[in-house]
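So the chains spell out like this:
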Amino acid sequence: GTAYIYNAGGLRAAFHNVSGGVLSLEGGVVLGAGAANSTTANTLDDYEEGTWVGTLKGLTSDPSSAVTATGEYTKIGRMVYVQITFSNVNTTGAAGNVFVSGTPFAPNNSNAASGTCAAYSFDFPNGRTSLSVQPGGDDLFIYVSGDSTTWDGLKHAPGTARYLEISAQYTVA
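About the criteria used
Along each chain, the written sequence defines residue order, and numbers are assigned to residues from 1. For a predicted model such as this one, the threshold for reporting local features is a pLDDT of at least 70, and the threshold for listing and counting side-chain atom pairs is 80 or more; totals across whole chains, interfaces and linings nevertheless cover every residue. To get the side-chain values, take all heavy atoms of the structure and skip hydrogens and water. Secondary structure is summarised from DSSP: a helix means a run of H or I of at least four residues, a strand means a run of E of at least two, and numbering begins at the N terminus for each. Throughout, exposure labels follow a simple rule: accessible area from a 1.4 Å probe, protein chains only, divided by the maximum for the residue type, with under 20% read as buried, over 50% as exposed, and the rest as partly exposed. Contacts between residues were defined by any pair of non-hydrogen atoms, one from each residue, lying within 4.5 Å. Here the accessible surface of atoms and residues is derived via Shrake-Rupley with a 1.4 Å probe, and residues count as covered only by protein chains that are part of the display. Stacked, tilted and edge-to-face are the three classes applied to pairs of Phe, Tyr and Trp rings, where Trp contributes its six-membered ring and a pair requires centres within 6.5 Å; stacked means planes under 30 degrees apart, edge-to-face means over 60, and tilted covers the rest. Whether a charge sits over a ring comes down to the Lys NZ or Arg CZ being within 6 Å of the ring centre and within 35 degrees of the ring normal. For every residue, the predictor reports its confidence as pLDDT, a number between 0 and 100. By the counting rule applied here, Lys and Arg register as positive and Asp and Glu as negative, while His and the ends of each chain are not counted. Put simply, a salt bridge is a Lys or Arg side-chain nitrogen that is within 4 Å of an Asp or Glu carboxyl oxygen. We define the nonpolar core as a collection of buried residues of types Ala, Val, Leu, Ile, Met, Phe, Trp, Tyr and Cys that are connected through side-chain atoms lying within 4.5 Å of one another. In this analysis, strands are considered paired if DSSP registers two or more bridges between them.

## Details of the overall build of the protein
And step 1. Check the secondary structure of the protein and you find zero helices and 13 strands.
And step 2. Secondary structure elements of the protein, listed N to C terminal, follow the sequence β-β-β-β-β-β-β-β-β-β-β-β-β.
And step 3. Within the protein, the proportion of its 173 residues that are buried is 32%.
And step 4. In the protein, 62% of the contacts between residues at least 6 apart in sequence involve partners at least 24 apart.
And step 5. Summed over all atoms, the accessible surface of the protein reaches about 9800 Å², with 50% contributed by carbon and sulfur.

## Points about the packing of aromatic side chains
And step 1. In total, this model carries three aromatic pairs according to the counting rule given.
And step 2. Between the aromatic rings of Y73 and F105, the centroid separation amounts to 5.5 Å while the plane-to-plane angle is 80°, which identifies the pairing as edge-to-face. Pair noted here: Y73 is in strand β6 (residues 67-76) and F105 is in the loop between β8 (98-101) and β9 (115-120), with a separation of 32 residues, a long-range link.
And step 3. The ring of F105 is capped by K75, whose NZ or CZ atom sits 5.5 Å from the centre of that ring.

## A word on the confidence of the model for the protein
And step 1. In the predicted model, the protein carries a mean pLDDT of 82, and 73% of its residues have values of at least 70.
And step 2. The secondary-structure element of the protein with the lowest mean pLDDT is strand β2 (residues 10-16), recorded at 58, while β6 shows the highest, at 97.

## Here we look at the side chain of R162
And step 1. Examined against the element boundaries, R162 turns out to sit in strand β13 (residues 162-171).
And step 2. For the buried R162, which has no salt bridge, the nearest side chain bearing the opposite charge is D123, at an N-O separation of 10 Å.
And step 3. Excluding its chain neighbours within four sequence positions, the residues that come into contact with R162 are F86, S87, N88, V89, T91, Y120, S121, F122 and A157.

## With respect to unusual backbone geometry
And step 1. For S121, which is not a glycine, the phi torsion comes out positive at approximately 70°.
And step 2. Phi at A161 is positive, roughly 55°, even though this residue is not glycine.
And step 3. Tracing the backbone shows A161 in the loop between β12 (152-153) and β13.

## Some details on the nonpolar core
Where a protein is soluble and globular, its nonpolar side chains tend to be buried together.
And step 1. One finds L56, V82, F86, V100, I142, L164 and I166 to be the most contacted residues of the largest nonpolar core, which totals 25 residues.
And step 2. Of all elements in the fold, only β5 (47-58), β6, β7 (79-89), β8, β10 (130-136), β11 (139-145) and β13 reach the threshold of two or more residues within this core.
And step 3. With five residues, the single largest contributor to this core is β7.
And step 4. Leaving out residues up to four positions away in the same chain, I142 has contacts with V98, C117, L131, S132, V133, D152, G153, L154 and I166.

## Examining the pattern of salt bridges
And step 1. Taken as a whole and judged by the stated rule, the model has two salt bridges.
And step 2. Here D46 ties to K75 by a salt bridge, and the two come within 2.3 Å at their closest N and O atoms. Of this pair, D46 sits in the loop between β4 (43-44) and β5 while K75 is found in strand β6, placing the two residues 29 residues apart along the sequence.
And step 3. By relative accessible area, K75 is classed as buried at 8%.
And step 4. Linking D62 and K57 is a salt bridge whose minimum nitrogen-to-oxygen distance equals 3.0 Å.
And step 5. Taking the relative accessible area as the measure of exposure, K57 reaches 23% and is therefore partly exposed.

## Here we look at the pairing of β8
And step 1. In β8, alternate side chains face the same way, and those of V98 and V100 on one face and F99 and S101 on the other are all buried.
And step 2. With four bridges connecting them, β5 and β8 associate as antiparallel partners. Bridge pairing in β8 links K57 to F99.
And step 3. In this structure, β8 lies alongside β11, joined through three bridges in antiparallel fashion. Across the sheet, V100 pairs through a bridge with L140, a residue of β11.

Here is the structure:
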């Protein structure tokens, strides 16, 4: 079959053999109206979905046996969205601040965004209740806050039946 794209001025493009196929635009899709918006910054030319393997680590020491999980990611332009869940894992041997290594793309730290997470059976500093994720290098660091002025790293409480779920977004160079 053939697909047609029209605007008020008439036929803009025709694509052949698109029935059940994939529409591929080599130059990307320019967002916005008119030639003034036909710049690289307005061209959607980078979209990717996939899986990644993250490793749960400790700033002082890692778990005695590697703790990994498979997460998902979506990359749209320079923005990366990641999700990963460590479910019922053994963190024996881990010590220090909690972080996850192995993000699918290295963050641009000068414009890094953040995310949220849920943790069960980890060590929360006294009075801290709010969890946040901050990218750095190829790692996701977990921070805990209970007020507007103090951040602490979430600490390992080594043992079995530990749970950590992370959802974060960040920019790449």
